[in-house]
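Tertiary structure, described
The lines below spell out each chain.
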Amino acid sequence: MKKTIRIVALMLVLVMSVCALASCGKKLSGEYAAGGDLAGTSYTFKGSKVTIKYTVFGFEKTIEGEYEITTNDDDKEVIIFTFGDDAEDADKFKGEFAFAEGKEGDTEYIKIGITKYTKVKK
């Protein structure tokens, strides 16, 4: 009987460990950018935080918030951005967007929506 209880306890610990690891979402690191000096956007990821810098006609604005990469009801990978209520222009970036990541040669990239952002080498 004691042996059975030990085996069941060990199985529960293993199942709980797998569940804990599975609940950890994918995280990004570094800066990804698209566009140029007059108009462009860059995303800088660190942990669950994101800093978005975007330029329109040479004027740069910055928004800080959080992100999560998960799968939606259709089993498609998505990225969800959230920002504080005081974040100016956050409506342009908040919400759920299609997400993909990959590598072409030595260049890493992510896709948010339909836009492809390449990793900035520093």
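All values reported here derive from a predicted model rather than from experimental measurement. (Residues numbered from 1 in each chain as written. Predicted model: local features only at pLDDT ≥ 70, side-chain atom pairs only at ≥ 80, totals over all residues. Heavy atoms only, no water.)

What follows deals with the overall build of the chain. Across its full length, the chain holds 1 helix and 8 strands. For the chain, the sequential pattern of α-helices and β-strands runs α-β-β-β-β-β-β-β-β. Counting every position in the chain, which comprises 122 residues, the buried fraction comes to 22%. Restricting to contacts in the chain with at least 6 residues of sequence separation, those with at least 24 account for 29%. Only carbon and sulfur atoms are counted for the fraction: they give 56% of the accessible area of the chain, which is about 8,900 Å². (Helix = DSSP H or I, 4+ residues; strand = E, 2+ residues; numbered from the N terminus. Buried < 20%, exposed > 50% of the residue type's maximum accessible area, 1.4 Å probe, protein only. Contact = heavy atoms within 4.5 Å. Areas by Shrake-Rupley, 256 points an atom, 1.4 Å probe, with all protein chains shown as cover.)

Looking now at the pairing of strand 6 (residues 95-104). Pairing between strand 5 (residues 77-83) and strand 6: 4 bridges, direction antiparallel. By the bridge assignment, I80 is partnered in strand 6 with E96. The loop that links strand 6 with its antiparallel partner strand 7 (residues 107-112) comprises 2 residues; one of these, G105, has a positive phi angle of about 65°. (Pairing = 2+ DSSP bridges.)

Turning to the confidence of the model for the chain, a few remarks are in order. Here the chain shows a mean pLDDT of 85. Residues at 70 or above account for 83%. Low pLDDT, under 50, characterises residues 19-23; the predicted model gives this stretch 0 contacts beyond four residues in sequence or across chains. (pLDDT = per-residue confidence, 0-100.)

Residues Y43, F45, Y67, I79, F81, I110 and I112 are the most contacted members of the largest nonpolar core, which totals 19 residues. Elements that contribute at least two residues to this core include exactly strand 2 (39-46), strand 3 (49-56), strand 4 (59-71), strand 5 and strand 7. Sequence-distant contacts of Y67, defined by excluding residues within four places in its chain, comprise K26, K27, L28, F45, G47, S48, K49, V50, I79, I80 and F81. (Core = buried A, V, L, I, M, F, W, Y, C linked by side-chain atoms within 4.5 Å.)

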